Amino acid sequence: MLELSAPERCVTQFSFSGLACHRTCAVTCASTPEGSCFETVTVPWSELAMTRTSTCIYHFFVLSWYIFLNFYISQQGEDRRKSKVFLSGGQWKYLTFLNLFLQAIFYGVACLEDVLKRAKGQKDIKFITAFRDLLFTTLAFPISAFVFLSFWILFLYDRELVYPKALDRIFPVWLNHAMHTSILPFSLAEVILRPHCYPLKKKGLTLLAAASLAYVSRVLWIYSETGTWVYPVFAKLSPVGLAAFFSLSYVFSVGIYLFGEKLNHWKWGDTMQPRKKRK
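First, a word on scope: everything that follows refers to the structure included in this document. (Residues numbered from 1 in each chain as written. Predicted model: local features only at pLDDT ≥ 70, side-chain atom pairs only at ≥ 80, totals over all residues. Heavy atoms only, no water.)

All chains considered together, the criterion is met by 26 aromatic pairs. Ring geometry for tyrosine 94 versus tyrosine 231: centroids 5.7 Å apart, planes at 65°, classification edge-to-face. With tyrosine 94 in the loop between helix 2 (80-83) and helix 3 (95-120) and tyrosine 231 in the loop between helix 7 (201-226) and helix 8 (232-235), this pair connects stretches of sequence that are 137 residues apart. Assessed through its relative accessible area of 14%, tyrosine 94 is described here as buried. One aromatic cluster is present, formed by Tyr94, Phe97, Tyr223, Trp229, Tyr231, Phe234, Phe245 and Phe246 through successive ring pairs. Positioned over the ring face of tryptophan 268 is lysine 267, at 4.2 Å from the centre of the ring. (Phe/Tyr/Trp six-rings, centres within 6.5 Å; stacked < 30°, edge-to-face > 60°. Helix = DSSP H or I, 4+ residues; strand = E, 2+ residues; numbered from the N terminus. Buried < 20%, exposed > 50% of the residue type's maximum accessible area, 1.4 Å probe, protein only. Lys NZ or Arg CZ within 6 Å of the ring centre and 35° of its normal.)

Inspection of the secondary structure assignment puts threonine 137 in helix 4 (residues 126-158). We classify threonine 137 as buried; its relative accessible area is 0%. Threonine 137 sits 123 residues away from glycine 260 along the chain, and the two C-alpha atoms are 7.5 Å apart. Not counting residues within four places of it along the chain, the set of residues in contact with threonine 137 comprises Pro142, His196, Cys197, Tyr198, Pro199 and Tyr257. Separated by 2.8 Å, the side chain of threonine 137 and the backbone oxygen of aspartate 133 make a polar contact. (Contact = heavy atoms within 4.5 Å. Polar contact = N/O pair within 3.5 Å; in protein donor to acceptor, adjacent residues only side chain to side chain.)

Let us now look at the pattern of salt bridges. Applying the stated criterion across every chain yields a total of 7 salt bridges. Several salt bridges share partner residues, and in doing so they unite Glu113, Asp114, Lys117, Arg132, Asp133 and Arg194 into one network. (Salt bridge = Lys/Arg side-chain N within 4 Å of Asp/Glu carboxyl O.)

A cluster of nonpolar residues, Trp92, Phe101 and Ile105, forms a patch on the protein surface that exposes about 280 Å² of accessible area. Looking at where tryptophan 92 falls in the secondary structure, it is placed in the loop between helix 2 and helix 3. By relative accessible area, which is 36% here, tryptophan 92 ends up partly exposed. (Patch = residues over 30% accessible without salt bridge, like charges linked within 9 Å, V, L, I, M, F, W, Y side chains within 5 Å. Areas by Shrake-Rupley, 256 points an atom, 1.4 Å probe, with all protein chains shown as cover.)

Remark: helix 3 packs on helix 4, axes separated minimally by 9 Å, with the N-to-C direction vectors making an angle of 150°. As the angle between them shows, helix 3 and helix 4 are arranged roughly antiparallel. Every pair of crossing elements has a handedness; the one defined by helix 3 and helix 4 is left-handed. Contact residues: Leu95, Thr96, Asn99, Leu102, Gln103, Ile105, Phe106, Val109, Ala110, Leu112, Glu113 and Leu116 in helix 3; Ile128, Thr129, Phe131, Arg132, Leu135, Phe136, Leu139, Ala140, Ile143, Ser144, Phe146 and Val147 in helix 4. Split by residue class, the contact of helix 3 with helix 4 holds 17 nonpolar, 5 polar and 2 charged. (Axes fitted to C-alpha atoms, helices over the stretch in contact; angles between N-to-C directions. Parallel < 35°, antiparallel > 145°, perpendicular 65-115°, else oblique. Left-handed = near helix turned anticlockwise from the far one by under 90°. Nonpolar A, V, L, I, M, F, W, Y, C, P; charged D, E, K, R; others polar.)

Below is the structure:
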């Protein structure tokens, strides 16, 4: 048996049955001061190659989809009827559009990592891999899940609070589902296709809190400058209600972050044992 060094090590096993030999590859993500990852998972070499190829194709497909969506939405501002939706802050005042841009960035990084991994090998792109994992675990997955859940909960309760019926005459139904429905299945598929190393909880939740605070600050700044709330639901709340809403939204996003970590752990094994206690 021949073993190579982490973070990815291939184990070549020769079991002779006549003249046959079988090679397997084990991907290991060890515990480090930056975070805790998973132990060895052994899969057949041919299966690993097929998985890498399918993952690369999947990343390219999703990246192309998000680039298309961002481009399509950017063109809507040229339509006088549709441009009214983007008044007082532009399209970037909406978390939905910020999330679409974030997903495009993440899948762009994922595609870059796929290409560099094939060209240079795992060891030479550790920074890209670490950045990909940090981006997905702390922002891409939590925000996409938050947009999906918060939108549809409010939509089913009273759609006028988040997506007034008048918007159906401006944006097609498929676009609504592209912005608010398909985002979660894509993120869940990413969890299933490959493991992601989560940072220490303190680091991950701090980054998530910083992103949440930045968006809330922008929402409040737009209101102070224009007198218009980004979403109709905010106009229904008192200052205390707004503070409670924003606080509960962050707690909700923390729950999503922790769920993503558990889901990632569940999918890729129960042998993850951090050497350093998580904070």
